[in-house]
Structure formats: structure tokens, C-alpha cells
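# Per-entry structural report
Next come the chains, spelled out residue by residue.
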Amino acid sequence: VVSQLETLYDGGDRQPIVRLYEGSDGVRQILEDVLSSVGATTDREYCVYSSSAVRNAGLYAGYPDYTKDRITKGIHLKNISFGKFGKTSGLDERRHIMSDAGAPTYVLLYAGKVANIFLDGRGEFMGLIIDNKAMYETQRVLFMELWDRLPS
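On a predicted model such as this, the values are computed, not experimentally measured, just so you know.

## Concerning the environment of Asp-100
- Relative to the assigned elements, Asp-100 resides in the loop between β4 (92–97) and β5 (105–110).
- Note on Asp-100: relative accessible area 65%, which makes it exposed.
- For the pair Asp-100 and Phe-82, spaced 18 residues apart in the sequence, the C-alpha separation amounts to 8.2 Å.

Next comes the structure, spelled out in C-alpha cells:
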């Protein structure tokens, strides 16, 4: 119990805090965490590896007003999109990696966290939030390196 309390106390810097989410309600919880966590930061921006395969499976069904709420809160987005579809909505930039099917996972990098949303073997949404600054920073470096190499 003490080690679990220490993990909560250090905010995931010593040991990652990992939370599992299921279904559309779980996806909504992840998206709400993105808005509340990023809204509490000074830069008010996050990054996404967007997958048309995951998005088209109903990613926003549990939170249809997500984009509107993100814009209302003044939160910016850098989006590397896997798949031929997707457009900007406001306060966002998008770059594409062309792929007909998209990627199997939708990845969000925000406020010291990495969230992964994917479909399980039954086609149901699953999601993980990994709260660990080192993992976030590594993924952000990789994202920005790719971002800078892609045409705008």
C-alpha cells in the first residue's frame, strides 16, 4: 500500500500511473482528462497521432461536442493524421501520413501523459492513460521530429 501511495504522491514521475478505460464512456473519460489537464497548463496545446480507422469507428460518439469544447477552452492541437481523411476545425494544425486504412491506435500526448485509444478484438473501444513525464517527453520529441519533417 505504501508504494502505491508513493506513486500517487509523486505524480507518476517515479513510477508510471496507468489507468485502463473501456467503451465509449471510457473514451469520454480520456477526452475529458485531456481537456482538464491541458486546460490547466500554460501552453494549452497537445499532440495527436490521429487514426482514421479509430476515428471512423466512433471515437467521438461518447463525446460529440469534444472539438467544440476544446475550441471554447482555447486549447490548441497538433495532429499527425494516419489516413486520407480529416480536416482542421479551429485552433489546430494537421499534417498527414498517407495510409488507406489508418493506424490501429489513436495516441494523445498531453500534460505529461500518453493516452492510447484502440479497438479490442471484439471491436470495442479500449484506452490507456500512462501518466509519466519521461514517457510523455520521449513521445513528444519523436512527434515533433516527425512533425517538422512532414509537409504542412
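Back to the write-up after that little detour.
## Things to note about the layout of surface pockets
- Estimates place the volume of the largest pocket at around 240 Å³.
- In terms of lining, the largest pocket is formed by 15 residues, of which the most central are Tyr-60, Thr-67, Lys-87, Ser-89 and Arg-94.
- Among the elements of the structure, β2 (45–51), α4 (66–72), β3 (76–82) and β4 are those that each provide at least two residues to the lining of the largest pocket.
- Counted by class, the lining of the largest pocket contains 5 nonpolar, 5 polar and 5 charged residues.

## Overview of the nonpolar core
- Tyr-46, Leu-108, Tyr-110 and Ile-117 are the most contacted members of the largest nonpolar core, which has 22 residues in total.
- Elements supplying a minimum of two residues to this core: α2 (23–39), β2, β5, β6 (113–119) and β7 (125–131).
- By residue number, the principal contributor to this core is α2, which donates 6 residues.
- In this structure, Ile-80, Val-107, Leu-109 and Trp-147 belong to the second largest nonpolar core, which totals 12 residues.

## Topic: α2
- When the terminal C-alpha atoms of α2 are compared, their 24 Å separation across 17 residues agrees well with the 24 Å that a helix rising 1.5 Å per residue should span.
- Of the surrounding secondary structure, the elements contacted by the buried residues of α2 are β1 (17–22), β2, α4, β5, β6 and β7.

## Looking at the environment of Ala-103
- Along the chain, the position of Ala-103 falls in the loop between β4 and β5.
- Residues Ala-103 and Phe-118, spaced 15 residues apart in sequence, show a C-alpha to C-alpha distance of 9.4 Å.
- If near-sequence neighbours (up to four positions away) are discounted, Ala-103 is found in contact with Ser-51, Ala-53, Val-54 and Phe-82.

Scoring rules and cut-offs
Residues numbered from 1 in each chain as written. Predicted model: local features only at pLDDT ≥ 70, side-chain atom pairs only at ≥ 80, totals over all residues. Heavy atoms only, no water. Helix = DSSP H or I, 4+ residues; strand = E, 2+ residues; numbered from the N terminus. Buried < 20%, exposed > 50% of the residue type's maximum accessible area, 1.4 Å probe, protein only. 1 Å grid on protein atoms, 1.4 Å probe; cavity = no way out; pocket = protein on both sides within 12 Å on 5 of 7 lines; lining within 4 Å. Points joined across faces, edges and corners; volume = space filled by probe spheres on them. Nonpolar A, V, L, I, M, F, W, Y, C, P; charged D, E, K, R; others polar. Core = buried A, V, L, I, M, F, W, Y, C linked by side-chain atoms within 4.5 Å. Expected span 1.5 Å × (residues − 1). Contact = heavy atoms within 4.5 Å.

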